[in-house]
Amino acid sequence: MRYRNAPVAIEWLCKAFGFEKHLVVPGQDGRIDHAQLTFDNGMIMLSSVGGGMFGRLMKHPDEIGGAETQSAYVIVPDCDAHYARAKAAGATMLRDVQDEDYGGRGYTCRDLEGHIWSFGSYDPWQPGA
């Protein structure tokens, strides 16, 4: 994932969604060359918007009318508490927390730069899910 203000995004993702910093590699002029944030046993990687191969291949949501071509789904143990935390931190809710037809509870939101995230308690790795 790419962020225009990656240092602020990293702090916000940790506060709003509960990620933890695993590795943050600062670049020049306050940019982030590479960051790894963990949540339970999963990890996301991000950096500042910029040049290079990915800079040519990717568009930021604000460059394409707020659209995304993919989004992350993160399994959380308590979806209602996670929803409240994200909402309090300023996440824009696209789908409020609700029971899912396939099991569990979930919600969908935008982060501070418009990326779309889904969080829920449904875990397809669990037997009977």
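For the structure itself, consult the block above.
Residues numbered from 1 in each chain as written. Predicted model: local features only at pLDDT ≥ 70, side-chain atom pairs only at ≥ 80, totals over all residues. Heavy atoms only, no water.

## Thoughts on the packing of aromatic side chains
Per the stated rule, a full pass over the model turns up nine aromatic pairs. An angle of 50° between the planes, with centres 4.6 Å apart, marks the rings of F17 and F119 as tilted. Pair noted here: F17 is in helix α1 (residues 6-17) and F119 is in strand β8 (residues 116-120), with a separation of 102 residues, a long-range link. The pair F17 / F119 is uniform in exposure class, with both members buried. Considering the side-chain rings of F19 and F39, the 5.8 Å spacing of their centres and the 65° angle between planes classify their relative orientation as edge-to-face. With a gap of 20 residues between them, F19 in the loop between α1 and β2 (20-26) and F39 in strand β3 (residues 32-39) connect regions that are remote in the sequence. Of the residues examined, F39 reaches a relative accessible area of 16% and is grouped as buried. Here a set of aromatic residues connected by ring pairs shows up, and it is made of W12, F17, F19, F39, Y83, Y107, W117 and F119. (Phe/Tyr/Trp six-rings, centres within 6.5 Å; stacked < 30°, edge-to-face > 60°. Helix = DSSP H or I, 4+ residues; strand = E, 2+ residues; numbered from the N terminus. Buried < 20%, exposed > 50% of the residue type's maximum accessible area, 1.4 Å probe, protein only.)

## Observations regarding the side chain of D123
Mapped onto the secondary structure, D123 falls in the segment after β8. Although D123 is buried, it forms no salt bridge, and the closest oppositely charged side chain is R95 at an N-O distance of 15 Å. In this structure the side chain of D123 is engaged in a polar contact, spanning 2.9 Å, whose partner is the backbone nitrogen of W125. (Lys, Arg positive; Asp, Glu negative; His and termini not counted. Salt bridge = Lys/Arg side-chain N within 4 Å of Asp/Glu carboxyl O. Polar contact = N/O pair within 3.5 Å; in protein donor to acceptor, adjacent residues only side chain to side chain.)

## A word on the environment of P127
Relative to the helices and strands, P127 resides in the segment after β8. Considered as a pair, P127 and M43 are 84 residues apart in the sequence and their alpha carbons are 23 Å apart.

## Looking at the pattern of salt bridges
Under the definition given, this model contains six salt bridges. Notably, a salt bridge pairs R105 with D80, separated by 2.9 Å at the nearest N-O pair. Here D80 lies in helix α3 (residues 79-88) and R105 lies in strand β7 (residues 105-110), a separation of 25 residues in the sequence. Measuring nitrogen to oxygen at the nearest pair gives 2.6 Å for the salt bridge that ties R105 to D99.

## Points about the sheet that holds strand β6 (residues 92-99)
Judged by pairing direction, the sheet is mixed, and its four strands sit side by side in the order β5-β8-β7-β6 without closing on themselves. The outermost strands of the open sheet, each flanked by one partner alone, are β5 (72-75) and β6. Between one strand and the next, the sheet's axes are offset by a mean angle of 15°, whatever the strand orientation. (Pairing = 2+ DSSP bridges. Axes fitted to C-alpha atoms, helices over the stretch in contact; angles between N-to-C directions.)

None of the figures reported here should be taken as evidence of function without further support.
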